[in-house]
Amino acid sequence: MNIILLGPPGAGKGTQARILVEERDMVQLSTGDMLRDAQASGSEMGKLVADVIARGDLVTDEIVIGLIREKLNAGGAAGGYIFDGFPRTLAQADALGELLIEMGQSLDHVVEMSVDDQALVARITARSTCGDCGEVYNDNTKPIPADEKCTNCGGSNFKRRADDNEDSLKTRLLAYYKQTSPLIGYYYAKGQLQSVDGLGEIEDVKASIASILG
Ligand code: ADP
């Protein structure tokens, strides 16, 4: 089963993707993570995209489609793929459709996670993650433990994303509404869109997604 998690920054796509990976043996393909890895490795491409990401704009379709093509060609997803943060433009959506056809695969569900904008800003400016295992924390709802050890892996390497500040968040939200939200209509017209309320508790959102995926 291959699915897309669609929604604005901070909607909780990454959190739900991690749950699906654990529980359903799916593989998470997050272009945001791939781009951050490229930056961390110091590759030419990583250097090329650094400013764009820090500003909150989208990197080119060519780069992200290339990253996704590489991962799909590598194969190895027994339970299928979760596309997280991809596609983000209509051109990327078309490219994904073609790549899946080439592989003889289908897109089974597009799950839109909706959250109101004020909640997004509050979530993102309060978030941090464990740099070792990726567990997500939030200053208000799930603070880093007092002993500063990750509840999931015990590590103490907590990170805040450089683009999780109010300025780049505004740009990211604008990019979402201008370039990504048309995908809601695109997948609706194809009969593939289903929506969940992303504002609830993690467990409730998980249950809503499970009822769609079956
Ligand atoms: P968010 O929390 O905004 O959903 P991501 O981790 O998915 O963040 O992405 C971080 C940044 O990486 C984006 O703001 C954008 O600059 C870049 N990026 C990630 N995925 C894509 C994509 N599919 N197309 C273009 N740019 C992307």
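Residues numbered from 1 in each chain as written. Predicted model: local features only at pLDDT ≥ 70, side-chain atom pairs only at ≥ 80, totals over all residues. Heavy atoms only, no water.

Undergrad: Hey, could you run me through unusual backbone geometry in this one?
TA: Following Phe 86, the chain continues to Pro 87 via a peptide bond in cis, the omega torsion being -5°. Of note, Pro 87 is situated in the loop between strand 3 (81-84) and helix 5 (90-102). Although it is not a glycine, Asp 25 sits at a positive phi angle of roughly 60°. Its place among the elements puts Asp 25 in the loop between helix 1 (13-24) and strand 2 (27-30). One non-glycine residue, Glu 148, adopts positive backbone phi at about 55°. Its place among the elements puts Glu 148 in the loop between strand 6 (136-138) and strand 7 (158-159). A relative accessible area of 52% means that Glu 148 is categorised as exposed. (Helix = DSSP H or I, 4+ residues; strand = E, 2+ residues; numbered from the N terminus. Buried < 20%, exposed > 50% of the residue type's maximum accessible area, 1.4 Å probe, protein only.)

Undergrad: What should I look at first to understand the sheet that holds strand 5 (residues 127-130) in this one?
TA: By way of backbone hydrogen bonds, the strands of a sheet pair with one another, either parallel or antiparallel. Across the sheet, which stays open at both edges, the 3 strands sit in the order 6-5-7 with antiparallel pairing between neighbours. Each edge of the sheet is formed by a strand with only one pairing partner; in this case those strands are strand 6 and strand 7. Where strand 5 and strand 7 come together, 2 bridges link them in antiparallel fashion. Counterpart to Cys 130 in the pairing with strand 7 is Phe 158. (Pairing = 2+ DSSP bridges.)

Undergrad: Looking at this structure, I do not really get the site of the ligand. What am I missing?
TA: Around the ligand, the structure places 19 residues, and the nearest of them are Thr 31, Arg 36, Asp 57, Gln 92 and Arg 172. Between the ligand and Thr 31 there is a distance of 2.7 Å, counted from a nitrogen atom to a side-chain nitrogen or oxygen. Val 59 places a main-chain nitrogen or oxygen 3.1 Å from a nitrogen atom of the ligand. Within the complex, 96% of the 550 Å² of free accessible area of the ligand lies under protein. If one sorts the elements of the shell around the ligand by residue count, helix 2 (residues 31-41) sits on top with 4 residues. (Near = heavy atom within 4 Å. Polar contact = N/O pair within 3.5 Å; in protein donor to acceptor, adjacent residues only side chain to side chain. Areas by Shrake-Rupley, 256 points an atom, 1.4 Å probe, with all protein chains shown as cover.)

Undergrad: Help me understand the packing of helix 6 (residues 117-125) against helix 7 (residues 166-180), please; the structure alone is not making it clear to me.
TA: The geometry of a pair of packed helices is captured by two quantities: the angle between their axes and the separation between those axes. Contact geometry of helix 6 with helix 7 gives a least axis separation of 11 Å together with a crossing angle of 135°. As summarised for this structure, helix 6 and helix 7 are arranged oblique, according to the angle between their axes. The crossing of helix 6 and helix 7 is right-handed. Across the interface between the two elements, Asp 117, Leu 120, Val 121, Ile 124 and Thr 125 of helix 6 pack against Glu 166, Leu 169, Arg 172, Leu 173 and Tyr 177 of helix 7. Grouping the amino acids of the contact of helix 6 with helix 7 by side-chain chemistry returns 6 nonpolar, 1 polar and 3 charged. (Axes fitted to C-alpha atoms, helices over the stretch in contact; angles between N-to-C directions. Parallel < 35°, antiparallel > 145°, perpendicular 65-115°, else oblique. Left-handed = near helix turned anticlockwise from the far one by under 90°. Contact = heavy atoms within 4.5 Å. Nonpolar A, V, L, I, M, F, W, Y, C, P; charged D, E, K, R; others polar.)

Undergrad: I would appreciate a short explanation of the packing of aromatic side chains in the present structure.
TA: For any pair of aromatic rings, the description rests on two quantities: the centre-to-centre distance and the angle between the ring planes. One pass over the structure, following the stated rule, counts 5 aromatic pairs. Between Phe 83 and Phe 86, the aromatic rings sit 6.5 Å apart at their centres with planes inclined by 45°, giving tilted as the arrangement. For the residue pair Phe 83 and Phe 86, the accessibility class agrees, reading buried in each case. Measuring from ring centre to ring centre gives 5.4 Å for Tyr 137 and Phe 158, while their planes differ by 90°; the resulting arrangement is edge-to-face. You can see Tyr 137 sitting in strand 6 and its partner Phe 158 sitting in strand 7, a full 21 residues away along the chain. Through pairs of rings, three or more aromatic residues link up here, namely Tyr 81, Phe 83 and Phe 86. (Phe/Tyr/Trp six-rings, centres within 6.5 Å; stacked < 30°, edge-to-face > 60°.)

Undergrad: Looking at this model, I keep getting lost on the sheet that holds strand 2. Mind explaining?
TA: Overall, parallel pairing links the 5 strands, which are arranged 2-3-1-4-8 in an open sheet. Each of the sheet's edge strands pairs with one partner strand only, and the pair in question is strand 2 and strand 8 (193-197). Shown here is a sheet whose adjacent strand axes are inclined to one another by a mean of 25°, direction ignored. Two elements, strand 1 (residues 3-6) and strand 3, share 3 bridges in a ladder whose sense is parallel. Bridge pairing in strand 3 links Leu 5 to Asp 84. Strands in contact with helix 1 are strand 1, strand 2, strand 3 and strand 4 (109-114); relative to strand 3, the strand with the most contacts, it is inclined by about 170°.

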